[in-house]
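# Summary of structural features
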Amino acid sequence: MSPDLGERLAAIRDRVAAAARRSGREPAAITTIVVTKFQPVELVRELRELGVTDFGENRHQEAREKAALVPDVHWHFVGQLQGKKARQVRAYASVIHSIDRVSLVDTLDSPGESADSSAAPPTVDVFAQVNLTDDPGRGGAAPADLPALVERIEAAPGLRLLGVMAVAPLGEEPRAAFARLRGIADEVRRIAPGATRISAGMSADFEDAIAEGATHLRIGTAITGSRPDRA
Ligand SMILES: *Cc1c(COP(=O)(O)O)cnc(C)c1O
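Summary of the structure given here. Here the structure is a predicted model, which is why all the values come from computation and not from measurement.

### Some words on the side chain of Ser199
Tracing the sequence through the fold places Ser199 in strand E7 (residues 197–199). When its relative accessible area of 0% is taken as the criterion, Ser199 is described as buried. Excluding anything up to four places from it in sequence, Ser199 contacts His97, Phe127, Val164, Met165, Ala166, His216 and Arg218.

Structure representation (structure tokens):
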């Protein structure tokens, strides 16, 4: 095991706890998801030995392979989701962070036929992803489209809406972007009172996200070290 891994994990845990306390929040109310995309499964196992229970991946095939090898943890799917893969992701993911269009909800909410989906648990926790940029090519629903998406998720018995998710745009102060996300989260709660969580904050900006109410951090390289080149 790399001795640095445990040190980096401990350092991030300390920073998360300190940022939570600065905001008058309980560190235990914040879930740190370690994003292991492009990392070998051995690293996932080492992190699990170190007490990590929540892992994030952004590509279906890689996520499915790792989840099969390390099943006794929570897998979070954080990447853009293709409609035709959505039901398969549901079979292993505890939480899907990237629900950004009504058609995805329709797919996830329809009765299963394949072997994959019949093994899926009856409900899956989801976040509605918001696009905080002006570029429609980025992942996430435009804020104007969010109410209809949230209503559709609320009407789906197989989906439980945890809250909203976003990535801070490049070229904007992350704290300002997360403040906007917090305002959007407040609006979503008027439609879906149970949607109290916010998935925000990565290696470079998680302290800003905590200051603006993030409950689920998605942290990769600050814990894992740099990612190997993608195959
Ligand atoms: C890769 C990724 C992260 C983690 O990014 P780091 O900068 O390595 O912390 C978080 N969220 C999403 C959606 C990602 O794709």
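### Describing the pairing of strand E8 (residues 216–219)
The alternating pattern of E8 places His216 and Arg218 on one face and Leu217 and Ile219 on the opposite face, and all of these are buried. Taken together, the four bridges between strand E1 (residues 31–35) and E8 define a ladder with parallel strand orientation. The residue of E8 that forms the bridge with Val34 is Ile219.

### Some details on the pattern of salt bridges
Side chains that differ in sign of charge can pair as their charged atoms come close. Within this structure, the stated rule accounts for 13 salt bridges. Between Glu62 and Arg59 there is a salt bridge, and its shortest N-O distance comes to 2.8 Å. Overall, the relative accessible area of 11% leaves Glu62 in the buried class. Ionic pairing is found between Glu62 and Lys66, a salt bridge with its closest N-O pair at 2.7 Å. In this pair, Glu62 and Lys66 are both assigned in helix H3 (residues 60–69), four residues apart and thus about one turn of the helix distant.

### Here's the deal with the environment of Lys84
Tracing the backbone through its elements, the reader meets Lys84 in helix H4 (residues 83–92). Sequence spacing of Lys84 and Leu108 is 24 residues, and the spatial spacing of their C-alpha atoms is 10.0 Å.

### Topic: the nonpolar core
Grouped together as the largest cluster of nonpolar side chains are 63 residues, with contacts concentrated most on Ile96, Ile99, Leu146, Ile153, Leu161 and Leu181. The contact partners of Leu181, leaving out residues within four places of it in the chain, are Val130, Leu132, Val164, Ala166, Ile198 and Ala200.

### Overview of the side chain of Asp54
With respect to the secondary-structure elements, Asp54 resides in strand E2 (residues 54–57). Buried charged residue Asp54 carries no salt bridge. Nearest counter-charge: Arg13, at 9.0 Å. Among the polar contacts made by the side chain of Asp54, one reaches the side chain of Thr53 at a distance of 2.8 Å. With sequence-adjacent residues up to four places away left out, Asp54 is seen in contact with Thr31, Thr32, Ile33, Val34, His74 and His76.

### What about helix H5 (residues 102–109)?
The set of residues buried in H5 consists of Leu104, Val105 and Leu108. Down the axis of H5, the sector holding all buried residues measures 100°, keeping them to one side. Looking at the buried residues of H5, the elements they touch are H4, strand E4 (95–99), helix H7 (146–154) and strand E6 (159–165).

Cut-offs used in this document
- Residues numbered from 1 in each chain as written.
- Predicted model: local features only at pLDDT ≥ 70, side-chain atom pairs only at ≥ 80, totals over all residues.
- Heavy atoms only, no water.
- Helix = DSSP H or I, 4+ residues; strand = E, 2+ residues; numbered from the N terminus.
- Buried < 20%, exposed > 50% of the residue type's maximum accessible area, 1.4 Å probe, protein only.
- Contact = heavy atoms within 4.5 Å.
- Pairing = 2+ DSSP bridges.
- Salt bridge = Lys/Arg side-chain N within 4 Å of Asp/Glu carboxyl O.
- Core = buried A, V, L, I, M, F, W, Y, C linked by side-chain atoms within 4.5 Å.
- Lys, Arg positive; Asp, Glu negative; His and termini not counted.
- Polar contact = N/O pair within 3.5 Å; in protein donor to acceptor, adjacent residues only side chain to side chain.
- Arc of directions from axis to C-beta.

Treat this as a map of the structure, not an account of what it does.
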